[in-house]
Amino acid sequence: MQTAVLSPADVSARIRGRALEMGFDRVGIAPVHPSAHGDAYARWVALGMHGEMGYLSREDAVAKRQDPAILVPGARSAVVVALEYAPPGDDPTAATDDPSRAIVARYARGDDYHELMKERLIALQEWIAAELLPVGGRAYVDTGAVLERELASRAGLGWHGRNTMLIHPRRGSYFFIGEVLLDVELDYDEPFARDHCGTCRRCLDACPTGALLGRDPTGAPVMDARRCISYLTIELKGPIPRELRPMIGNRVYGCDICQEVCPWNSFAEPTNEPAFLAREGLDGASLIEWMGMTQETFSRRFKDSPIKRTKRRGLLRNVAVALGNWGAPEAVPALAVALNDEEPLVRGHAAWALGVIASGAGCPSGVVESVAGALLLQLASEPEPWVREEIRLALGM
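This one's a predicted model, so the numbers in the text were calculated from it and none came from an experiment. (Residues numbered from 1 in each chain as written. Predicted model: local features only at pLDDT ≥ 70, side-chain atom pairs only at ≥ 80, totals over all residues. Heavy atoms only, no water.)

Caption draft 1: The arrangement of the pattern of salt bridges in detail. Counted by the stated rule, this structure contains 27 salt bridges. The partner of R106 in a salt bridge is E260, with the nearest N and O atoms 3.0 Å apart. With R106 in the loop between β3 (103–104) and α5 (113–131) and E260 in helix α10 (residues 257–260), this residue pair connects regions lying 154 residues apart in the sequence. Classification of E260 by relative accessible area gives partly exposed; the value is 26%. The partner of R226 in a salt bridge is D224, and the shortest N-O contact between them spans 2.8 Å. Residue class for R226 comes out partly exposed when judged on its relative accessible area of 35%. (Salt bridge = Lys/Arg side-chain N within 4 Å of Asp/Glu carboxyl O. Helix = DSSP H or I, 4+ residues; strand = E, 2+ residues; numbered from the N terminus. Buried < 20%, exposed > 50% of the residue type's maximum accessible area, 1.4 Å probe, protein only.)

Caption draft 2: Layout of the nonpolar core. Among the nonpolar cores identified, the biggest contains 103 residues, and W290, M291, L315 and L335 are the most heavily contacted of them. Counting residues per element, this core draws most heavily on helix α15 (residues 344–358), which supplies 8 residues. Apart from residues no more than four positions distant in its own chain, W290 is found in contact with A102, V104, V252, G281, L282, A285, R301, F302, L315, L316 and V319. Formed by 19 residues, the second largest nonpolar core is a distinct cluster that contains V32, A75, F175 and L181. (Core = buried A, V, L, I, M, F, W, Y, C linked by side-chain atoms within 4.5 Å. Contact = heavy atoms within 4.5 Å.)

Caption draft 3: Spotlight on the environment of G292. Residue position: G292 is located in the loop between α11 (287–291) and α12 (295–301). Here G292 falls in the exposed class, since its relative accessible area comes to 55%.

Caption draft 4: Quick peek at helix α17 (residues 385–395). Three or more residues of α17 are buried, namely V387, E390 and I391. The arc that holds every buried residue of α17, seen down its axis, measures 100°, which confines them to one face. Looking at the buried side of α17, the elements it contacts are α9 (245–248), α15 and α16 (365–381). Directly beyond the C-terminal end of α17, a positive phi value near 75° is found at G396. (Arc of directions from axis to C-beta.)

Caption draft 5: Representation of the packing of aromatic side chains within the structure. Counted by the stated rule, this structure contains 13 aromatic pairs. When the centroid spacing of 5.3 Å and the interplanar angle of 80° are considered together, the rings of W159 and W264 count as edge-to-face. In this pair, W159 is assigned in strand β5 (residues 159–160) and W264 in the loop between α10 and α11, connecting sequence segments 105 residues apart. Three or more aromatic residues joined by ring pairs form one cluster here, namely Y85, Y107, Y113, Y174, F176, Y253 and F276. (Phe/Tyr/Trp six-rings, centres within 6.5 Å; stacked < 30°, edge-to-face > 60°.)

Caption draft 6: The sheet that holds strand β4 (residues 137–140), seen in detail. With respect to topology, 4 strands assemble into an open sheet ordered β1-β2-β7-β4, the strand pairing being antiparallel. The open sheet has two free edges, formed respectively by β1 (26–31) and β4, since each of these has just one partner strand. Direction aside, the axes of adjacent strands within the sheet are offset by 20° on average. The strands touched by helix α1 (residues 8–21) are β1 and β2 (77–84); relative to β1, the strand with the most contacts, the crossing angle is about 145°. Lying over the sheet, α5 contacts β2, β4 and β7 (175–182), oriented at roughly 35° with respect to β7. (Pairing = 2+ DSSP bridges. Axes fitted to C-alpha atoms, helices over the stretch in contact; angles between N-to-C directions.)

Caption draft 7: Here's a closer look at the packing of α1 against α5. Two numbers describe how α1 lies on α5: the axes approach to 11 Å, and their chain directions differ by 140°. By the angle between their directions, the pair α1 and α5 is classed as oblique. Of the two possible hands of crossing, α1 and α5 adopt the one that is right-handed. Across the interface between the two elements, R14, I15, R18 and A19 from α1 touch L124, W127, I128 and E131 from α5. Here the residues of the contact of α1 with α5 sort into 5 nonpolar, no polar and 3 charged. (Parallel < 35°, antiparallel > 145°, perpendicular 65-115°, else oblique. Left-handed = near helix turned anticlockwise from the far one by under 90°. Nonpolar A, V, L, I, M, F, W, Y, C, P; charged D, E, K, R; others polar.)

Caption draft 8: The arrangement of the pairing of β7 in detail. Within β7, 8 of the 8 residues are buried, which leaves it mostly tucked inside the rest of the structure. Along β7, one buried face is formed by F175, I177, E179 and L181 and the opposite face, lined by F176, G178, V180 and L182, is buried too. Bridge count between β2 and β7: 8 bridges; the pairing is antiparallel. Its bridge partner being in β7, V80 is matched across the sheet by E179. Note that β4 and β7 share 4 bridges and pair antiparallel. Bridging from a neighbouring strand, Y140 pairs with E179 of β7.

Caption draft 9: Structural detail: the pairing of β2. Of all the 8 residues making up β2, 8 are buried; the element is thus mostly covered by neighbouring parts of the structure. With burial as the criterion, each face of β2 is covered, one bearing S77, V79, V81 and L83 and the other bearing A78, V80, A82 and E84.

Set out below in structure tokens:
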């Protein structure tokens, strides 16, 4: 219950303390005003770099991202929190050394962060209203029309790195961001003004698909999402462009390459949140085993997981690409079965993978013949035109 009128500085101090008590790793408070990168965002959308993520390009969504006060009328302050997700004992090379095993982005190996953080942020807003002062507002976790990383930088939580991630000089970039937009004025943290990337371009050089484009004239980092492995394996709902498939390797859900090579992540601390620890079977799973995953198994295994976003057909599309990139004849039986999958998306990518394996140097003649037989059999009955084209290309027709 509110017992006394508190100064903005006192209110902010108590908010910061309460957020840390609730389990957030860092918290900062920033004023709400139009984005310094709003025009750059509009240009990025106009260039089509958002790909098929239509929710980013709607006229109202662009305007809201340019000014959070349009999103939440009357918003004057943003309480921005960070919650770390780096796994304990993390070894970035463990899965990349074995192309037969799936790589899942670190953030997706545990439970879905959206609900966990949203519940805590709503509870924080309710506590502020009950204990400190009457307040209105709204909480967001990666789902609202908010340029979160800019807000977080303004709240002193890090700088907007060349890899587009928010980077903290003592904790790296393996953390989630969430915010509560409030309709009261508070005492604000110093913004993080310095860019510590300097001349480093490790992330740009390491990105297999060339998705990272450096900074625009305003200093904002630029990514062509259409080439980003995270976009290709999660947000893209249709076929992955053929020219980009070989660059994905064995990454079946998301990508951490630009973070793995970032020197600031040598300071990352393991998460203290049990919900973010890797689920059994999500750290280096067998690609062949996953290729045979049924809908029932998918629904059970990925309940409350970020991976459910891509649905079974999207995940198995990605697994088929990874098996093709592995190129081992051992993958042929699982891929041949996938040629008969009920989902065209799975069938088309399985055909591509079979073609890659059969055309590989040293592939046994018996395997080549087996692959050709499976592809010809499916071609005779395949109803989808684009899948038929994938089969023809796999056969060299």
